Amino acid sequence: MSGRMNPRCIGCVRFSLPMLFPVLSVLLSGGRVDLFFHIASRPALLALKALRATVGERLSMLPFDVSPVWLPADTLIGRHCPGNPRRTINWMASSILRRLRDEFGTDRGLSGSAHFCAKSRQILELHFEQQAINEEMFDCLFVAFRLLAVRERTGGDEGNGSRPLLLLPKRWWNKAVSAELSNMGVDTHSAIFGGYLEHLVWRLVRRVSGRTVRFVPEIVSVSEHLGTFDYFIPEYEPLSVLPSSHSEGGETIPGICISLCDTIDPRWRCGTKWYWSPWLNRASVSLVADSLLSFPINLEEQTALHGFGTTLLRRTTSTSCPELNRLPLWNPSWRLHVALFLEEAWHLVRYGLAALNPSAARLRWQLIQYAFLVPSLLWWQAFLSERRIRILVEDYYGSSAAVHALAAARTGCLVVSTERSQEYDHEQIDAERIADVYFMAGIHGLKQSVRPETKRHVVLTGFPSDPLSRDLLQRTPEDIRRSLSPDKPLVLLIDEAGIIHSMEMVFTFYDAMLRELEQSRTFRLLVKSKKKLFVNAMVARYGKRINALAVSGDLFFMDPHCSASCAASVVDLAISMPSTAMFDTMILGKPTAIFNPFQSIYTFLYEQGLKDIAIYADMDILIANLRCYLRGEMPEFGDCRAFAPQINPFGDIHAGDRMGFFLESLRRELALGSESDRAIQAAMAAYRERWGEYSTGSFEALLRTKPGTFEADAGERTATEANRL
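The rules behind each value
- Residues numbered from 1 in each chain as written.
- Predicted model: local features only at pLDDT ≥ 70, side-chain atom pairs only at ≥ 80, totals over all residues.
- Heavy atoms only, no water.
- Core = buried A, V, L, I, M, F, W, Y, C linked by side-chain atoms within 4.5 Å.
- Buried < 20%, exposed > 50% of the residue type's maximum accessible area, 1.4 Å probe, protein only.
- Contact = heavy atoms within 4.5 Å.
- Helix = DSSP H or I, 4+ residues; strand = E, 2+ residues; numbered from the N terminus.
- Polar contact = N/O pair within 3.5 Å; in protein donor to acceptor, adjacent residues only side chain to side chain.
- Salt bridge = Lys/Arg side-chain N within 4 Å of Asp/Glu carboxyl O.
- Pairing = 2+ DSSP bridges.
- Axes fitted to C-alpha atoms, helices over the stretch in contact; angles between N-to-C directions.
- Parallel < 35°, antiparallel > 145°, perpendicular 65-115°, else oblique.
- Nonpolar A, V, L, I, M, F, W, Y, C, P; charged D, E, K, R; others polar.
- Left-handed = near helix turned anticlockwise from the far one by under 90°.
- Patch = residues over 30% accessible without salt bridge, like charges linked within 9 Å, V, L, I, M, F, W, Y side chains within 5 Å.
- Areas by Shrake-Rupley, 256 points an atom, 1.4 Å probe, with all protein chains shown as cover.
- Phe/Tyr/Trp six-rings, centres within 6.5 Å; stacked < 30°, edge-to-face > 60°.
- pLDDT = per-residue confidence, 0-100.
- Expected span 1.5 Å × (residues − 1).

To continue, consider the nonpolar core. Ranked by size, the top nonpolar core spans 70 residues in total, and within it Trp274, Trp380, Phe383, Phe662, Leu663 and Leu666 carry the most contacts. Not counting chain neighbours up to four residues away, the residues in contact with Trp380 comprise Cys257, Ser259, Val288, Asp290, Arg315, Leu392, His404 and Ala407. Counting residues in each nonpolar core, the second largest holds 39 residues, with Val527, Val535, Tyr542 and Phe595 among its members.

Structure follows, in C-alpha cells:
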C-alpha cells in the first residue's frame, strides 16, 4: 500500500492528546493522514503542529469551520446519506438509543431507572439518554458521514486499512455506534484515556477556563464589514405601567412561575405570550432569570413588571449582563437547602455504591450527569416549595427543562408545557417533556407529537404570536412602514439556524435573494434574521454587495431581537426558510413562500397541494414565481390560507390571551383547595365553555375531531369583564 496514494481519513469532534495515538500509528507505518476535527485542546493543537513540522505533507489538518451538525449539506449527500442528512442521522440515533435502552434495561437491574419514582424516571431517561448522549452521538455521526463523503469523492478503496477512522469519546454507548458504523464502512477507535474521568475533566476545564481552539474562518473577517450598515430598530413608546386586573391580598395565593429564556418585553422576541393576557392576575406570577438571556431584562421592563405586581428574581449569583445582576437574588433558607442536599447526597452514595458493579455502565453515566444537575435541582425544589408555586409554565426546551420538571414532580407542582418546549417535528426525539397540561397551537401540533400517550390534558390555543394586539406597541405597523419609505413592495426575508439545512443552504438562500434584488430592483428587502451570528456570516461573505444595497435604500436589516410579528405586520409578503417565524406571516394573511431544498421539513405543506406555490425545493423556481407575482401574473404565489387553520384554528392573534385565561382558571381552582386533577378538569371545562367544545381534551379525542368555528373575540374583552371569571 502506498500511503501517498491512499491517505487515511481520521475524524473526531474534539481532538485531545489521547487521540494522538491512532494518528501516530498510521504515520509510523508510512501512511498519510487527513485529520478532520472541530475543536482541539491547546496541548493537542501544539502537539499536532509539532508533528506536522516533523512529517510534513503526510499530515493534513482539516478543521471544521462550524459545529459538525452545521456541515455543508453537499458534503453529506451521496450514496451513504441520500436526502436530508439530518433526518437520516436523526433516525439512526433514535434507533441506537432505543436498542440501548432495551439492552441495558435488563442489565442485572442496574439500569439506574429503577432507583427513581415513576415520573422522575421518565424525565431522567429523557434528559440523560436523549439530551446529553444524543448531542454527542449526533456530532459523531455527522463526522462519520463527512468522512464517507470524502472517501467517496476521492475514489479511495475500502481495503488495505484505508477505511475512514472515527475517534469516539469513550462512552458506554460506543459499542452500539461502532457496530452501526462498521456496517457502513467506517472504523472506530476510543481513546486509551477516556470514560467518565475524561468527561469530568473536559467539562470542568471548559467551564473554568473555556480554553479550546475553534476554527470559524467565515466569521473571522466580519469585523472588516461591521458598522457599514445599521440595523433597523423600530421606535417604540415606553412600556406603560398598568395596574393588575385582579387584587387578592396576602401571600397565600398559589403562584405561577416561569423560568425565562427570552425577554418578557413583547416589543422584542417574547417567549411569554400568556403574561400579557388581560385575564391573568399578574401579581401571582414569579419570573426567574435562570440563565444568560439572549436579550437582557432592562430597567424599563423591570419597572413595568413591578407595576403589575410581578416578582422578578434571578437564580445565578453573577452573570455577564449588568441588567441581570441588579435583580434581587433569591436564596433558599439554609435549613431547607441542607435537608435537600443531604437527601440528594444519600441517594448519590447509595446509587454510587451500586454503580461500582463493572456492568453498570449506564448507571455510572447517569450519576455523573446527575451530580452536575444537583445544585440547580436543589434551588428549584426549594424555590417552588418555599414560595408556594403551584403552576410551572415550561416555555423552552433544553437540559434545564428536565431539572424544572423533576423539581416540580417532587414538590407537587403542576407543569404546563407550551408547544415550543415540546417538539418542533416528529423526528426530534430529545425535545419531548413530561407535563400535566399541554398548550398546543392546533391540529398540526397534535400531528407532530412524539409521545401522544403522555398527553391526557391538551388545550388548543392557536399559534402564540407576539402580543401585538395589546396597547404596548404605541407606534403602529403603518408608522414603522412609513419610516422605511417603501415605494416598492416590501419583502421580508426570514432565515433559520444552519443545523437544519447547513450554513451552505443559508448562504444559497441569501445569495439568490440578493442577486435578484440587485438585478430587478422591483422590490425592497427587509431581513429579519434569527440571530446576529447569521447576519455576520452573510456580511463576511457578501459584505460589498450588502453595503451597496443598504446604501441605495433597497435593503434593511431588522434587529434580530425584534419580534417576528412586528416584522411580519409591516411587509407585503415573506420569503422564508423553514422556521417557526414564518407562521407569524401566515396567520397575518401575508403571502409566504418557503425554500425547502430537501423536501422533508414541514412536509404537511405538501399535503395541502402547495408545492411550487408556497413551498419550493428549487430557489430558481421560487425567484421566477416571485417575479410573476410582482408583475401581477401569479396571485396564488405564497398563498397558505389552506393550511393556516391547522396551526391557528381560532383565526386570530390572541393565543396568549387564551393561555392566560386557562392559567388563571387553574390558579383559582387551586386557590379554592381543589386537588390537581380536579383543578385541571375544572379549568378545561371553563375553557371549553368560553372557547368552544373542541378546544380541550385528550390527545386522541382532539385528533379524531374536526373542530368547527371557534369564538375569536378575546381581544375585544375588557379587563373588567375578565374579572368575572
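There is more to say after this.
Let us now look at the side chain of Ser576. If you trace the backbone, Ser576 turns up in strand 20 (residues 573–576). At 3.3 Å, the side chain of Ser576 and the side chain of Ser579 are in polar contact. When near neighbours in sequence (up to four residues on either side) are disregarded, Ser576 contacts Ile494, Phe509, Met582, Ala593, Ile594 and Phe595.

What follows covers the pattern of salt bridges. Side-chain pairs of opposite charge can arise where the charged atoms are in close proximity. In this structure the tally under the stated criterion is 19 salt bridges. Of the charged contacts, one joins Asp572 and Arg481 as a salt bridge, the two residues approaching to 3.1 Å between their closest N and O atoms. A residue pair is termed long-range when its members are at least 10 positions apart, and Asp572 in the loop between helix 18 (564–570) and strand 20 and Arg481 in helix 14 (residues 477–484) qualify at 91 residues. By relative accessible area, Asp572 is classed as partly exposed at 29%.

In spatial order, the strands read 12-11-10-13-14-15-16-23; together these eight strands make up an open sheet with mixed pairing. The outermost strands of the open sheet, each flanked by one partner alone, are strand 12 (311–314) and strand 23 (696–697). Alignment of strand 14 (residues 414–417) against strand 15 (residues 437–440), held across two bridges, turns out to be parallel. By the bridge assignment for strand 15, Ser417 is matched with Tyr438. Here helix 23 (residues 655–671) sits on the sheet in contact with strand 10 (255–260), strand 13 (389–394), strand 14, strand 15 and strand 16 (458–460), set at roughly 160° to strand 13.

Turning next to the packing of helix 1 (residues 20–28) against helix 2 (residues 42–55). Relative placement of two packed helices is described by the angle separating their axes and the distance separating the axes. Contact pair helix 1 / helix 2: the axes reach a minimum separation of 12 Å and the direction vectors enclose 5°. Between helix 1 and helix 2, the interaxial angle falls into the category roughly parallel. Taken together, the residues of helix 2 that come into contact with helix 1 (itself represented by Leu20, Val23, Leu24 and Leu27) are Ala47, Leu48, Leu51 and Val55. Tallied by class, residues from the contact of helix 1 with helix 2 come to eight nonpolar, no polar and no charged.

Running from N to C, helix 23 and helix 24 (residues 676–691) cross one another at 140°; their axes reach a closest spacing of 8 Å. One element, helix 23, and the other, helix 24, form an angle in the oblique class. Helix-helix and strand crossings are classified by hand; for helix 23 and helix 24 the assignment is right-handed. Across the interface between the two elements, Arg658, Phe661, Phe662, Ser665, Leu666, Glu669 and Leu670 from helix 23 touch Ala679, Ile680, Ala682, Ala683, Met684, Ala686, Tyr687, Arg690 and Trp691 from helix 24. By residue class, the composition of the contact of helix 23 with helix 24 is twelve nonpolar, one polar and three charged.

Let's shift gears to a nonpolar patch on the surface. A cluster of nonpolar side chains, Trp334, Val338, Phe341 and Leu342, forms an exposed patch at the surface whose accessible area comes to about 440 Å². The topology assignment puts Trp334 in helix 10 (residues 334–354). Given a relative accessible area of 57%, Trp334 falls into the exposed group.

Glancing now at the packing of aromatic side chains. Two descriptors summarise a pair of aromatic rings, namely the distance from one centre to the other and the angle between the planes of the rings. Enumeration according to the criterion identifies 22 aromatic pairs in this entry. Ring centres of Tyr275 and Phe308 lie 6.1 Å apart, and the angle between their planes is 65°; on these two criteria the pair is classed as edge-to-face. One end of the pair, Tyr275, is in the loop between strand 10 and strand 11 (285–289); the other, Phe308, is in the loop between helix 8 (299–307) and strand 12, and 33 residues separate them in sequence. For the pair shown, Tyr275 and Phe308 are each scored as buried.

What follows is about helix 5 (residues 174–184). Among the residues of helix 5, Asn174, Ala176, Val177, Ser178, Leu181 and Met184 are the ones counted as buried. Immediately downstream of helix 5, the backbone of Gly185 shows phi near 95°, a positive value.

What follows covers the sheet that holds strand 3 (residues 33–37). Taken together, five strands build an open sheet; the order of strands is 5-3-1-6-7 and the sheet is parallel. With one partner strand each, in any of the chains shown, strand 5 (59–63) and strand 7 (187–190) form the two edges of the open sheet. In this sheet, adjacent strand axes meet at a mean angle of 20° when their direction is disregarded. The sheet contact formed by strand 3 and strand 5 spans five bridges and is parallel. Opposite Asp34, over in strand 5, you have Ser60 as the bridge partner. The strands touched by helix 2 within the sheet are strand 3 and strand 5, with strand 5 carrying the most contacts at an inclination of about 145°. Along the sheet, helix 5 makes contact with strand 6 (165–168) and strand 7, crossing strand 6 at roughly 170°.

Before going further, it helps to examine the environment of Ile546. Along the chain, the position of Ile546 falls in helix 17 (residues 532–552). For the pair Ile546 and Phe557, spaced eleven residues apart in sequence, the C-alpha to C-alpha distance is 10.0 Å.

What follows concerns the confidence of the model for the chain. Looking at the chain as a whole, the pLDDT averages 77, with 72% of positions reaching at least 70. Contacts for the low-pLDDT stretch residues 711–725, under 50 throughout, to residues beyond four places or in other chains number 29 contacts.

Now for helix 2. Between its first and last C-alpha, helix 2 extends 20 Å over 14 residues, near the 20 Å set by a 1.5 Å rise per residue. Gly56 sits one or two positions beyond helix 2 and adopts a positive phi of about 70°.

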